[in-house]
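# Coordinate analysis (summary)
Here is what each chain is made of, one letter per residue.
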Amino acid sequence: MSAIISTQAYLCTFNQNGMDSDGACVGPTPSVQGGIVAAMPGGSWLGALISGWVSDRFGRKTSIQVGAVIWVLGSVIVCAAQNIPMLVVGRMINGLSVGVCSAQVPVYITEIAPPSKRGRLVGFQQWAITWGIMIMFFICYGCSSLQGTAAFRVPWGVQMIPAILLFLGLCVLPESPRWLAKHGHSDRAKEVLALVHAHGDIASPWVQREMEEIHAAVEFERQNANVSYLELFQPKMINRTAIGVFTQIWSQLTGMNVMMYYITYVFSMAGLADDTPEGVLLPSGISFIINVLMTVPALLWMDRWGRRPTLLVGAFLMCLWLCVNAGLFAAYSTPMDGNHNAAVSMKIRGAPAKAVIAATYLFVASFAPTWGPVSWTYPPELYPLRLRGKAVALSTSANWAFNFALAYFVPPAFASIKWKTYLLFAIFCAAMFVHVFFFFPETANKPLEEVEDIFDDTKPGAIKYVGTPAWKTRNTRASVLQREQGAVSSAEKVPTATEQEKHAAQV
């Protein structure tokens, strides 16, 4: 939407505000535009909630394929939209697909990946998303020169192609070994583990150990069946539920997604649309290129950095750039004059405008390698197998609920509180820094079954209902690499990450 909402073809087709002084269409009101954009995250919220049931019942892979089919249906309606209600309905159906896939793709990758590569592979998912966003933006940019409604109908139709390819590609990929074991298909689960971990060698010590841990987890969970969402709010789970949910909430309250939705508004206020309304599109596209490039460091080093330091550094830097933009607009902007989109409420020019553009790019560069990939990698690592599907669905639904609220909120906010919108998001970034430091434990490079031990509140030094204090947890990468590479025989004991932490505490 970010590349389309400033084009005359879109503004005239869904116009509610008449013409400006230059005879150009003004487009929908800020509240209606917020509703159009928010329709997709609203549908995503519902899709994320139902995805847990679909995934647990039919499998991780099948649930993603269901999401692909729903996306094609929604894209057909959006592409054919004749009015605002039809556009909103189509985007809500698209949102259902996004909710299902955004919740279950990280679960699928997390359950099939080796611990030392888990963060990198989920990070690749986020990187692929940034590629998709960038490619779609430039498709929209290229189509903006087409005459009539083809300027936005063509890109809205093209977006069906990746969903079709996703559906077909999944046909040749294996199901999650943990889901297979949970549903009594142990032999198939072992074959999948051997395929993705040991070049097909079922006798590999790593495969044998992983299957033992999965069987132990599955057996325990069978003895404690009847999973419901209410279990996530029991005393021993509430801390983990809060961490997972707030990881996704904070990722939205950074302001990144809504700033990307409305980046053309920001750059219009900085004067890039003075010559032509489409003049903001290419500079806006640079932010999407930055998003793609700056996700690469996370792919290379996120598992080495660990989850906690990455989130803390990202929160600090984003807070800094948001404060810079708030200060620049507060000190140097003037009200926009004439009949115009009310959300484009301020005007800033000269050196301060260039500084706003630079700070916006730096904000994107700070989010991309930190909260962007980690917010999707982290939640699936927190939960036991029996709750993972529903727990990740709940945390992802929180992401989309806040995405919906913020997408609706930002245009009226720019129209009413103006530069204070940046200040509000800066305060959120400061709050998330504090929350991460005190409550988010390190999970990088730990087998999923071993993460359970972090939240055991019966150990010495543990906090009741919390477990090991977050600031005492460590990223112990060497031991898991040693186990995965078979550097020791199966008879030798390799200390687990938890045992290393206990030893470190004693020393």
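Nothing here was measured: the structure is a model prediction, and the numbers come from that model.

## Remarks on the overall build of the protein
Along its length, the protein carries 22 helices and two strands. By the compact-globule yardstick of 23 Å for 507 residues, the protein fits well, its C-alpha radius of gyration being 24 Å. Oriented by its inertia axes, the alpha-carbon framework of the protein measures out at about 80 × 45 × 40 Å. Looking at the protein as a whole, 56% of its 507 residues are labelled buried. Here the contacts in the protein between residues at least 6 apart in sequence split such that 77% fall between residues at least 24 apart. Accessible surface, the protein as shown: approximately 20,200 Å² in total, 68% of it carbon and sulfur. Side chains of the protein give 36 positive and 31 negative charges; the mean places of these two sets differ by 3 Å.

## Examining the packing of aromatic side chains
According to the stated counting rule, one finds 20 aromatic pairs in the structure shown. Seen from their ring centres, Phe 138 and Tyr 141 are 6.4 Å apart, and the 90 degrees between their planes marks the pair as edge-to-face. With Phe 138 and Tyr 141 both in helix H5 (residues 115–143) and three residues apart, this pair spans about one turn of that helix. Note on Phe 267 and Tyr 361: the rings are 5.8 Å apart at their centroids and 85 degrees apart in plane angle, and the pair reads as edge-to-face. Here Phe 267 is found in helix H13 (residues 263–269), whereas its partner Tyr 361 is found in helix H16 (residues 350–367), with 94 residues between them in sequence. A relative accessible area of 0% places Phe 267 in the buried class. Site record: aromatic cluster; members linked through ring pairs are Tyr 10, Phe 14, Phe 152 and Trp 156. Here Arg 308 stacks its cationic end above the ring of Phe 437, 5.6 Å away from the centre of that ring. Over the ring of Tyr 465 we find Lys 464; its NZ or CZ atom is 4.6 Å from the centre of that ring.

## Comments concerning helix H7 (residues 160–170)
For H7, the full list of buried residues reads Met 160, Ala 163 and Leu 170. Buried positions in H7, seen along its axis, are confined to an arc of 105 degrees and lie on one side of it. On its buried face, H7 sits against helix H3 (60–79) and helix H6 (150–158).

## Some thoughts on the pattern of salt bridges
Taken as a whole and judged by the stated rule, the model has eleven salt bridges. With a shortest N-O distance of 3.0 Å, Glu 111 and Arg 388 are connected by a salt bridge. Taken together, the residues Glu 111 in helix H4 (residues 84–112) and Arg 388 in helix H18 (residues 385–416) connect sequence positions 277 residues apart. On the basis of relative accessibility, which here comes to 0%, the residue Glu 111 falls in the buried class. Across the salt bridge formed by Asp 303 and Arg 307, the nearest N and O atoms sit 3.1 Å from each other. For Asp 303, a relative accessible area of 4% puts it in the buried group.

## Considering the state of the cysteines
Here the structure, examined in full by the defined rule, presents one disulfide. Across a sulfur-sulfur distance of 2.0 Å, Cys 12 and Cys 25 are joined as a disulfide pair. Of note, the bridge from Cys 12 to Cys 25 carries an S-S torsion of about 100 degrees and is right-handed in sense. Within this pair, whereas Cys 12 is found in helix H1 (residues 8–13), its partner Cys 25 is found in the loop between H1 and helix H2 (30–58), the two being separated by 13 residues in sequence.

## Digging into helix H9 (residues 186–197)
Relative to the 16 Å expected for twelve residues at 1.5 Å per residue, H9 spans 16 Å between its end C-alpha atoms, a close match to the ideal helical length. Of the positions making up H9, those classed as buried are Ala 189, Val 192, Leu 193, Ala 194 and His 197. Looking one or two residues beyond H9, the residue adopting positive phi is His 199, at roughly 55 degrees.

Analysis parameters
- Residues numbered from 1 in each chain as written.
- Predicted model: local features only at pLDDT ≥ 70, side-chain atom pairs only at ≥ 80, totals over all residues.
- Heavy atoms only, no water.
- Helix = DSSP H or I, 4+ residues; strand = E, 2+ residues; numbered from the N terminus.
- Rg over C-alpha atoms; globule rule 2.2 N^0.38 Å.
- Buried < 20%, exposed > 50% of the residue type's maximum accessible area, 1.4 Å probe, protein only.
- Contact = heavy atoms within 4.5 Å.
- Areas by Shrake-Rupley, 256 points an atom, 1.4 Å probe, with all protein chains shown as cover.
- Lys, Arg positive; Asp, Glu negative; His and termini not counted.
- Charge placed at Lys NZ, Arg CZ, Asp CG, Glu CD.
- Phe/Tyr/Trp six-rings, centres within 6.5 Å; stacked < 30°, edge-to-face > 60°.
- Lys NZ or Arg CZ within 6 Å of the ring centre and 35° of its normal.
- Arc of directions from axis to C-beta.
- Salt bridge = Lys/Arg side-chain N within 4 Å of Asp/Glu carboxyl O.
- Disulfide = S-S within 2.5 Å.
- Expected span 1.5 Å × (residues − 1).

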